Amino acid sequence: SDLLSHIRVLDLTRVLAGPWAAQNLADLGAEVIKIERPIKGDDTRAWGPPFLADAEGKPSAESAYFLSVNRGKKSVTVDLAHPEGQALIRQLVAKCDVVLENFKVGALARYGLGYEDLRAINPGLVYCSVTGFGQTGPYAARPGYDFIFQGMGGLMSITGERDNEPGGGPQKVGIAITDVLTGMYASLAVSAALTHKERTGQGQHIDMALLDTIVAFGANQILNFWCSEHVPQRWGNAHINIVPYEVFATSDSHLILAVGNDSQFRSFCQVAGLPELADDARFKTNPDRLQHREALIPLLRAVMRTRQKSQWIQELEAANVPCGPINNYQEVFQDAQVRHRGLKVDMAHPVGTVSTVRNPIRFSETPIRHDVPPPTLGQHTDEVLQGVLGLDAAALERLRQKRVI
């Protein structure tokens, strides 16, 4: 996409939340210069196995984790702890529109790279900080990890099986959802701040906190709590307001049954060969079914086990009863709709072919291209420092000797 092709982003982030925001901006066409530590690079380069296989099928130095969140970027190695490294960053900032960083609060200010330092160089700068708890408050200095926020922010109190069921108790989501959501909000915030800057010339500091994000994510559950004063509970795969709306075991697998209204329930009962349930006074309406959940669900569990998943899906879909499989990731990418939408994209990479998951945004006029693979460590150091800053080969060699780059 060329939407942000006029924007240059200096990406000082590592691990997941910040790199996710930067990858979104790269997908939208921005030039993203990812600054990494010399020799080691982003922490996630070592987060393997698995690693990308090279042409001979041997593991390369490129971890799957790093590859998942760093496409479309240029990698430049700079030692931020070195005064000459800090000077390089300040020179780059003068030629960038956005800085993204996820250092601990105050860490970059100690290097002379805080927001106040850099806006003196570039008054229109959009500077986005991503931290666990935000720039202010009693916990601001604490480090924080996604798992901690899933617990602290309430998500785990509503995720997992009910305490009185087998396997009951709080459960984290299988993706680092706090990090990903914070990255999503950060890229939206940067895009909005850039629009403001283009109208007014005014830059600003964006303070993104993982805790704030995961609390915001709880919106409908939180409003349920505020409006009813009932603290939301875990319901496992069941639904607090709708029955039957949960996972059932079939003869060979599992199936999600999502009956949203009374006519769908009647259709389900026909397909299941239990038409009398739809006329049972206990189950006629959703409020009835909610009240008699404990009587209904065991009856449905028994009948669901009598047919295979594929047979249920075929018959229920024909009767317009919402249902679906629980796919593993192998099955996801075998699905006809997923294949039609081209959600797996292969890119040429210096090491070999790397696959990536297509960005889900579909623009009619400015389609997103996936043609720039995640960079190898320092792949673009010379290109950027020569092309953007005008350093010559001798200057680069001197910086290399001093281990600044």
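Figured I'd write up the structure that's included with this text.

What to know about the overall build of the chain
Step number 1: A tally of helices and strands in the chain yields 18 helices and 13 strands.
Step number 2: The dimensions of the chain, computed from C-alpha atoms along their principal axes, are 85 × 55 × 40 Å.
Step number 3: In the chain, which comprises 405 residues, the share counted as buried stands at 44%.
Step number 4: Partitioning the intrachain contacts of the chain with sequence separation of at least 6 by distance along the chain shows that 68% fall at a separation of at least 24.
Step number 5: Taking the average location of the 40 positive side-chain charges in the chain and that of its 44 negative ones, the two points are 2 Å from each other.

Comments concerning the pattern of salt bridges
Step number 1: Applying the stated criterion across every chain yields a total of 24 salt bridges.
Step number 2: For Arg-71, the salt bridge goes to Asp-27, with nearest N and O atoms at 2.7 Å. Taken together, the positions of Arg-71 in the loop between α2 (64–68) and β5 (73–77) and Asp-27 in helix α1 (residues 17–27) put the pair 44 residues apart, joining distant regions of the chain. Here the two residues Arg-71 and Asp-27 agree in accessibility, since each one is buried.

Quick word on the packing of helix α7 (residues 177–200) against helix α8 (residues 210–217)
Step number 1: Where α7 contacts α8, the two axes come as close as 9 Å, and the packing angle between them is 95 degrees. One finds that α7 runs roughly perpendicular with respect to α8. Taking contact as the criterion, the partners of Ile-177, Thr-178, Asp-179, Leu-181, Thr-182 and Tyr-185 in α7 are, on α8, Leu-210, Thr-213, Ile-214, Ala-216 and Phe-217.
Step number 2: Considering only residue class, the contact of α7 with α8 consists of seven nonpolar, three polar and one charged.

A word on the side chain of His-349
Step number 1: Structurally, His-349 is set in the loop between β12 (344–348) and β13 (353–357).
Step number 2: Looking at His-349, its side chain comes within polar contact range of the main-chain nitrogen of Val-351, at 2.9 Å.
Step number 3: Aside from chain neighbours lying at most four places away, what touches His-349 is Leu-52, Glu-62, Leu-67, Val-354, Pro-373, Pro-374 and Thr-376.

Focus: the sheet that holds strand β7 (residues 126–131)
Step number 1: Taken in spatial order, the six strands line up as β5-β2-β1-β6-β7-β8 in an open sheet, and their pairing is parallel. In this open sheet, the two strands that pair with only one neighbour each are β5 and β8 (204–209). Sheet twist, expressed as the average angle between the axes of neighbouring strands with direction ignored, equals 20 degrees.
Step number 2: Two strands pair when backbone bridges link them, and strand β6 (residues 98–101) and β7 are joined in this way by four bridges, in the parallel orientation. Each bridged residue has a counterpart across the sheet, and for Val-98 the counterpart in β7 is Val-126.
Step number 3: On top of the sheet, helix α3 (residues 83–93) reaches β1 (8–12), β2 (31–36) and β6; it is set at about 155 degrees to β1, its chief contact.

Some details on the sheet that holds strand β9 (residues 245–249)
Step number 1: The sheet built from three strands is open, its strands ordered β9-β10-β11 with antiparallel pairing. Pairing within the sheet leaves two strands with one partner each, and these edge strands are β9 and β11 (323–325). Going across the sheet, the axis of each strand differs from the next one's by a mean of 25 degrees, ignoring polarity.
Step number 2: Bridge count for β9 against strand β10 (residues 254–258) is five bridges, and the pairing is antiparallel. For Phe-248, the partnering residue across the bridge sits in β10 and is Leu-255.
Step number 3: In the packing of helix α13 (residues 293–304) onto the sheet, the strands contacted are β9 and β10, and the crossing angle to β9 comes to about 40 degrees.

Here's the deal with the pairing of β13
On a regular strand, one side chain projects to one face of the sheet and the next to the other, so that they alternate.
Step number 1: Side chains of β13 alternate between two faces, with Val-354 and Thr-356 buried and Thr-353, Ser-355 and Val-357 left unburied.
Step number 2: Note: β12 against β13, five bridges, orientation antiparallel. Following the sheet pairing, Ala-348 is matched in β13 by Thr-353.
Step number 3: The loop that links β12 with its antiparallel partner β13 comprises four residues.

Description of the packing of aromatic side chains
Step number 1: Overall, the coordinates contain five aromatic pairs when judged by the stated rule.
Step number 2: For the pair Trp-47 and Tyr-65, a centre-to-centre distance of 5.0 Å together with 80 degrees between the ring planes defines the contact as edge-to-face. With Trp-47 in the loop between β2 and β3 (51–53) and Tyr-65 in helix α2, this residue pair connects regions lying 18 residues apart in the sequence.
Step number 3: On the accessibility criterion, Trp-47 (41% relative accessible area) is partly exposed.
Step number 4: Ring centres of Phe-133 and Tyr-139 lie 5.5 Å apart, and the angle between their planes is 85 degrees; on these two criteria the pair is classed as edge-to-face.

So, how was this worked out
- Residues numbered from 1 in each chain as written.
- Predicted model: local features only at pLDDT ≥ 70, side-chain atom pairs only at ≥ 80, totals over all residues.
- Heavy atoms only, no water.
- Helix = DSSP H or I, 4+ residues; strand = E, 2+ residues; numbered from the N terminus.
- Buried < 20%, exposed > 50% of the residue type's maximum accessible area, 1.4 Å probe, protein only.
- Contact = heavy atoms within 4.5 Å.
- Lys, Arg positive; Asp, Glu negative; His and termini not counted.
- Charge placed at Lys NZ, Arg CZ, Asp CG, Glu CD.
- Salt bridge = Lys/Arg side-chain N within 4 Å of Asp/Glu carboxyl O.
- Axes fitted to C-alpha atoms, helices over the stretch in contact; angles between N-to-C directions.
- Parallel < 35°, antiparallel > 145°, perpendicular 65-115°, else oblique.
- Nonpolar A, V, L, I, M, F, W, Y, C, P; charged D, E, K, R; others polar.
- Polar contact = N/O pair within 3.5 Å; in protein donor to acceptor, adjacent residues only side chain to side chain.
- Pairing = 2+ DSSP bridges.
- Phe/Tyr/Trp six-rings, centres within 6.5 Å; stacked < 30°, edge-to-face > 60°.

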